[in-house]
Structure formats: C-alpha cells, structure tokens
Amino acid sequence: MTHTEGMKANSCQFTLDGEPFRILGGSIHYFRVPRTYWEDRLLKMKACGLNTLTTYVPWNLHEPERGMFNFQDQLDLKAYINLAAGLGLWVILRPGPYICAEWDLGGLPSWLLQDKNMQLRTTYPGFVDAVNSYFDKLISLIRPLMFEEGGPIIAVQVENEYGSYAKDEKYMPFIKNCLQSRGINELLLTSDNWEGLRCGGVKGALKTINLQRLSFGAIQYLADMQPQKPLMVMEYWSGWFDVWGEHHHIFQAEDMLAVVSEILERGVSINLYMFHGGTTFGFLNGAMDLGTYKPQVSSYDYDAPLSEAGDCTTKYHLLRNLFSQYHSEPLPEVPSLQVKRAYQPVVIQQHLSLWGSLCFTDKPYRSERPVNMENLPVNNNNGQSYGYTLYETTITSGGTLNSKNNVRDRALVFVDRQFVGSLDYRTQELALPDGKEERTLSLLVENCGRVNYGKALDEQRKGLVGDILLNHVPLRGFTIYCLDMKPSFIKRLSSGQWKAVPQQPSFPGFFHATLYVDDTPRDTFIRLPGWGKGVVFINGQNLGRHWFIGPQQFLYLPGTWLRSGENQIIVFEEHRADEKILFAENPDHGKTIDVYKLPFCTLL
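Residues numbered from 1 in each chain as written. Predicted model: local features only at pLDDT ≥ 70, side-chain atom pairs only at ≥ 80, totals over all residues. Heavy atoms only, no water.

### Considerations on unusual backbone geometry
Residues Gly96 and Pro97 are joined by a peptide bond in cis, for which omega reads 20°. Along the chain, Pro97 turns up in the loop between strand E5 (90-94) and helix H4 (125-142). The amide bond that connects Gly550 to the next residue, Pro551, takes the cis arrangement and shows omega of 10°. As for its position among the elements, Pro551 is in the loop between strand E32 (541-547) and strand E33 (555-557). Although it is not a glycine, Leu105 adopts a positive phi angle of roughly 55°. (Helix = DSSP H or I, 4+ residues; strand = E, 2+ residues; numbered from the N terminus.)

### Details of the environment of Asp519
Structurally, Asp519 is set in the loop between strand E29 (509-517) and strand E30 (524-527). A residue is classified by how much of its surface remains accessible, and Asp519, at 39% relative accessible area, is partly exposed. For Asp519 and Arg563, which are 44 residues apart along the polypeptide, the C-alpha to C-alpha distance reads 8.9 Å. Not counting residues up to four positions away in its chain, the partners in contact with Asp519 are Arg341 and Ser564. A distance of 2.9 Å separates the side chain of Asp519 from the side chain of Arg341, its partner in a polar contact. (Buried < 20%, exposed > 50% of the residue type's maximum accessible area, 1.4 Å probe, protein only. Contact = heavy atoms within 4.5 Å. Polar contact = N/O pair within 3.5 Å; in protein donor to acceptor, adjacent residues only side chain to side chain.)

### Overview of the pairing of E29
The element E29 is extensively covered by neighbouring structure, given that 7 of its 9 residues are classed as buried. As judged from the 4 bridges shared by strand E15 (residues 350-353) and E29, these two strands associate in the antiparallel manner. Across the sheet, residue Gln350 finds its bridge partner in E29, namely His512. Pairing analysis gives 9 bridges linking E29 to strand E34 (residues 565-573), with the strands arranged antiparallel. Across the sheet, residue His512 finds its bridge partner in E34, namely Ile570. (Pairing = 2+ DSSP bridges.)

Encoded structure:
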C-alpha cells in the first residue's frame with residue numbers, strides 16, 4: 001500500500017496524509033532491549049497514548065569490522081520497525097552516523113581511529129568514505145520502510161546535535177545529501193539543545209529542540225528561528241543518565257508532568273527521551289569529558305516512564321492519563337506486569353587467574369613501543385574496540401613509573417604478577433619495588449568507555465596511547481594481549497584449568513558459578529556485595545560492568561537470557577570477591593539526586 005502524502009512541515013502544524021498531525025513520541029533503542037522483549041515495550045508505549053517510536057541506529061554495532069555488516073537477530077532493525085508498524089506506531093529514524101546516546105564514541109566504529117589523522121564528523125575524506133559505504137548498506141535496508149513506500153517511517157533525522165560540535169560547515173549538507181541521494185524523500189529533521197540551535201541545522205531540514213525545562217524561552221527561540229513551522233521537542237529528557245562514582249539521577253514524576261503538560265498545551269509535538277532506556281549491555285557505555293573524564297554505568301534506566309526491566313512507573317501512569325486527553329478513543333489496556341524472581345544465592349565454585357586465561361586469547365602481538373587498542377592487528381586488522389588490553393615488558397630495576405598521562409583509562413600494574421598499584425587520569429606516577437634481576441612488568445589497561453559527546457571525539461584511542469617511563473626512560477619491548485572478552489573467548493575459557501576457589505584467590509581472575517533454574521526463567525537483578533570491580537557474563541552474554549563505588553549496585557539479568565536448568569555465570573573480578581552471587585527482584589540504584597534541582601551545566 002502506498003500512502004498519499006507524507007509528513008509535511010509547511011505550516012504551524014505537521015500534516016500527515018494531508019491531515020493535521022501531532023507527534024506524541026517516545027524513544028526505545030532496539031539495541032538496549034532483548035529482542036524477545038521488543039513487543040512488550042512497544043505495546044506499553046502504545047498503551048501510554050504515544051503514536052510514534054523514535055530510535056537511533058548504532059553504526060559501531062552494525063559494522064563492527066570495516067565492510068562486515070550485521071543486521072540480524074538482536075540487530076534486526078527492519079524487524080523492529082515492522083513490529084512497530086504492526087502495532088500501529090509511526091517511526092522517526094535517527095540513523096546518525098553519530099548518535100551520542102551515552103554510547104561508546106557516540107555510535108561511531110572505533111576502527112575509524114586507526115587513521116591517526118582522522119577527523120570524525122567532518123568531510124575529512126577517510127570519514128566521508130566510511131559513511132558512504134555504511135549508508136549504502138543501511139539505506140538500502142530501510143528505504144522500503146519509508147512512508148512513501150507504504151512503511152511507517154515518517155521522518156528521518158540528519159545527524160545529531162551537530163550544533164554542539166560544528167567543526168565543518170560542509171558536513172551537514174553532506175549527510176543530508178547522503179540520505180536524499182539514496183532515495184530518502186521523507187521529512188528531514190535536525191535536533192539540537194538550546195545552545196546548539198544557532199550553529200546546528202541544515203537548509204531543507206526542520207529544526208527541533210532538546211530540553212528538560214522550559215527556561216530561556218527555548219521554544220519561543222525555536223519559533224522565532226522558523227516562523228510558520230511546526231514546533232517539536234525532539235528530546236524531552238524524562239530523566240538523566242548516570243556516571244560511576246556519583247549519584248543516581250531522578251526526575252520527580254510531578255515535575256516532569258507539569259512541563260510535558262505545558263508543552264502539549266502550547267500545541268508543540270514531543271518525543272520522550274527516553275520512554276524506556278533499557279540497558280547498555282557489554283562494554284558499550286560512553287563517557288563524559290568536559291574537563292574531567294567520567295565513564296557511564298551499564299544501566300540505562302534513565303528514570304524513564306518504563307523502568308530498565310520494562311515496568312510501568314508512576315511517571316508512566318501520569319503520562320498515560322495526560323496523553324489520553326489527546327485521543328478520541330480509549331487507550332489500549334496496559335500489558336500485565338512481568339514476574340521477577342529473586343533466585344537463591346549461588347556459591348562460587350571455581351577460579352581461573354587472569355594469567356591462566358592468556359592462552360585462550362588471540363596470538364599476542366610483539367612491539368617495541370606501546371600500541372593503542374585500535375591499532376592492534378586483531379579482529380581482521382580492525383583493531384580492538386572494547387574491554388581490556390594487557391601490556392607486558394621486562395624491567396631490571398625498581399623506581400618511578402610515570403604514565404605521562406598515556407593510560408586510557410585505568411591500568412592495574414603488576415611486577416612478576418604481584419599487584420603494585422594502579423594508574424589513571426589522576427594517578428600518573430607509581431613506585432615500583434627495587435630489584436636488579438629481570439622481572440616482568442604488566443599493565444592491564446581497561447577501556448572504560450569512549451566519550452560520546454563534546455569536542456574530544458578524535459582523541460578517544462584507548463589502551464596505552466604513548467610511552468610509559470621508568471626512571472625517565474621510555475619502556476620498550478612489549479608483548480600485548482587483546483582481552484576484549486568476546487563470547488568466543490568466554491566459550492574457550494570453559495576448557496581452562498579451573499580450580500576450586502583457594503582461600504586467597506589471585507586477582508584479577510575469573511570466578512565461575514552455576515545458577516539452576518527449575519521452572520520458567522524470570523527477570524532478576526544480580527547483586528555483588530563484597531566484590532570490587534569487573535564484568536559479569538551469563539551463558540556467554542556480557543551483562544555489563546560492576547563497580548563497588550556505585551551508584552549502580554546491580555546488573556539487570558533478562559529472564560530471556562536464562563534457560564531452564566543450568567546457567568553459567570562467570571565474573572571477571574579485578575580486586576576482591578565474595579563467596580556468593582546474590583539475586584533480587586528489584587534494583588538498587590544507590591543514592592539519588594534530583595536533576596530538576598540542578599543547573600543544566602552541572603549535569604554535563
């Protein structure tokens with residue numbers, strides 16, 4: 001079926017099929033929600049009174065290696081959009097290539113950084129070529145889903161918040177042409193915060209605004225920029241994201257409702273970012289760096305109307321009541337609550353030291369000088385994207401180890417495999433114990449997440465990005481191990497020399513336990529009191545990072561990733577371990593802080 005006329009922005013109101021149309025939208029990222037739960041989350045969106053789904057598209061997941069594309073299973077974007085259409089939702093697609101999203105490098109593939117001269121988000125030839133190749137593939141998949149082809153996509157966003165970056169005036173016209181030259185004829189939008197509006201935008205695309213509060217006359221500012229055009233808040237921030245070592249952000253439901261009510265009363269279209277945040281599984285969290293590097297947590301709960309596990313919050317019910325006033329028909333029933341389960345604690349049964357796991361990594365690389373993650377000759381020469389990298393060399397003395405701020409982002413330091421301290425952005429010097437004989441110096445370097453917002457995108461190489469000095473002399477002769485901990489590595493670990501957990505296990509190390517599920521698997525939350533910092537794997541799937549400093553004190557474990565019978569849990573732990581892993585029905589977000597009482601600049 002071909003529709004008659006797509007969404008237009010030719011007057012103060014959007015029109016769709018020639019009729020007045022108000023966007024009541026919400027963001028749910030398919031890549032942050034297990035595929036078997038997509039339908040549940042979208043049904044809850046529809047039942048809340050929303051009519052439009054918005055989603056980003058993460059380039060780094062869809063093209064993990066240059067020229068190798070993945071749009072299958074969890075990443076089946078076409079299936080996700082068709083599912084939304086089948087439930088009666090329109091779609092606004094935000095294909096980037098940069099998406100921000102509190103996602104590693106804002107969704108850009110780390111292999112772009114192999115080029116030492118790379119200029120991301122510009123018309124630098126190396127970036128342009130990569131974008132063209134990616135968009136050739138992506139747009140061939142999504143073009144049949146456009147409104148003019150009978151599909152649900154009514155608008156497409158050009159890049160994302162470029163006004164806050166604005167390094168190349170030719171860049172936005174290039175991205176716009178990338179879309180249109182490949183057959184995208186739907187309404188084009190741009191989206192920027194209040195400060196970015198001045199420098200953002202591109203001729204022929206409607207500007208929209210991102211905000212949380214109606215200060216600075218933001219909406220009027222947008223209206224004055226585009227007279228006689230429809231107004232839209234593309235990202236109405238329903239909460240906020242969290243970083244390690246700070247409090248969990250909340251946004252009181254009543255405060256949020258008051259702002260949303262006013263936006264709707266003014267006749268403005270809205271998209272709730274996020275409607276449902278979900279989880280940043282694995283190593284894919286981003287980081288902030290506006291002077292201080294702050295990596296983000298794995299939970300992307302966002303204090304959104306639907307919780308991380310997909311439960312309807314107070315916010316959800318208040319919004320549903322509000323949105324129902326903008327519908328002539330009663331809203332669909334809300335799907336029933338999904339049962340959670342607090343499984344009995346499981347006891348750690350076996351231990352494998354980091355050093356005992358090295359035989360399961362890819363062949364180590366030898367180099368005179370340190371090599372950053374992205375330039376290691378691994379993953380078909382696409383470099384290492386995520387996880388840890390181990391650098392080893394020989395020393396013949398003790399003294400002062402100086403990182404020259406070349407550690408990205410944290411390094412655990414060992415002499416003859418005995419822990420001696422750590423290096424990071426704040427700690428750049430470390431005393432090594434004396435000794436004249438040859439000894440092995442090891443640095444286990446963790447990529448804690450690449451910055452996803454701000455001007456520092458080009459400087460996001462990880463691992464050791466330059467020389468490390470011992471007594472002012474650069475170290476040489478490195479053996480480098482890639483520990484990206486992909487599912488294939490976790491699978492190989494099972495054939496390792498695991499041992500019963502000793503009284504004093506060595507760290508870092510892998511700890512193994514078995515969770516037995518005797519009936520239908522249910523969602524649960526893993527809790528690790530008494531543990532330090534590391535990563536949790538369930539049946540080979542990377543759930544994300546744990547770190548005792550909080551605020552996140554749990555990891556969401558979707559029931560759909562469990563199976564009836566035995567389930568393998570492996571915890572990679574850097575510092576300290578307890579003898580048990582605990583489970584809970586509800587998450588513990590730690591100490592909270594209300595975003596509405598903070599100046600926006602302090603959020604950043």
